[in-house]
Amino acid sequence: MHVRTLTGGLAAALVVSFSLAGGQAVAASPDAEGASLAAARVLLYDASGSAEFRSAVDRGAAIWNESVDAVELRPAAAGQRANIRVLADNGWPRALPTTLGNGTVYIGRQAVNQGYNTIRISAHELGHILGLPDRKPGPCSSLMSGSTAGTACTNPYPNAAEKTEVEGNFGGALVGTAPAARAELIVD
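Structure report, in brief.

Thresholds, definitions, all that
- Residues numbered from 1 in each chain as written.
- Predicted model: local features only at pLDDT ≥ 70, side-chain atom pairs only at ≥ 80, totals over all residues.
- Heavy atoms only, no water.
- 1 Å grid on protein atoms, 1.4 Å probe; cavity = no way out; pocket = protein on both sides within 12 Å on 5 of 7 lines; lining within 4 Å.
- Points joined across faces, edges and corners; volume = space filled by probe spheres on them.
- Helix = DSSP H or I, 4+ residues; strand = E, 2+ residues; numbered from the N terminus.
- Salt bridge = Lys/Arg side-chain N within 4 Å of Asp/Glu carboxyl O.
- Buried < 20%, exposed > 50% of the residue type's maximum accessible area, 1.4 Å probe, protein only.

Section: empty space enclosed by the protein
Consideration 1: Across all of its chains, the model carries one cavity of 30 Å³ or more by this definition.
Consideration 2: When its volume is computed, the largest cavity comes out at roughly 130 Å³.
Consideration 3: Every residue lining the largest cavity is counted, 14 residues in all, and those nearest its centre are Tyr116, Ile121, His124, Gly146 and Ser147.
Consideration 4: Counting residues per element, the lining of the largest cavity draws most heavily on helix α3 (residues 118-129), which supplies four residues.

Listed below in structure tokens is the structure:
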């Protein structure tokens, strides 16, 4: 499990920037040399429309939080604007990213009814919002291989390359300066 820490003593000034448009926060603190270190970029998700998949969505978000340091997925509180909206429907699971860290995820019952693991689906679709493409065909060890790993695959964890890619997507990004992900429908 990764632990997010800020270096510097209690006397160090903590700068927090909030993006009004996206509800994201980045904290920074000076390191020993006075350079600014960025903490995790916080992305809020709203899973209130995910119906019976709510716990799978929360677990998928927790898996990303355990796997990477540069981004943190948190449930949106009442009245907060979410970066990510998660919905349940009867179709195939899919993600509609708008920009990096923003978009809509559908947890489709069609794949669940065919035997695919709900936590793997959730983590996979959240991976698209974090900037990862499908990698098909692929082995079960690749979260982004999606359905090509088969229904027996229940691995919901990103592999080392997927973690590194997400770290790179968010690691040096300041609020409002992250590169935009392709705005496209990603169907798995």
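On we go from here.
Quick look at the pattern of salt bridges
Consideration 1: For the structure on display, the rule yields six salt bridges.
Consideration 2: Where Glu52 meets Arg109, a salt bridge forms, and the shortest distance between an N and an O atom there is 2.7 Å. Of this pair, Glu52 sits in the loop between β4 (41-49) and α1 (54-67) while Arg109 sits in helix α2 (residues 109-113); the two residues are 57 residues apart in sequence, bridging distant segments of the chain.
Consideration 3: Between Glu72 and Arg74 there is a salt bridge; the shortest N-O distance is 3.2 Å.
Consideration 4: The class of Glu72 is buried, set by a relative accessible area of 18%.

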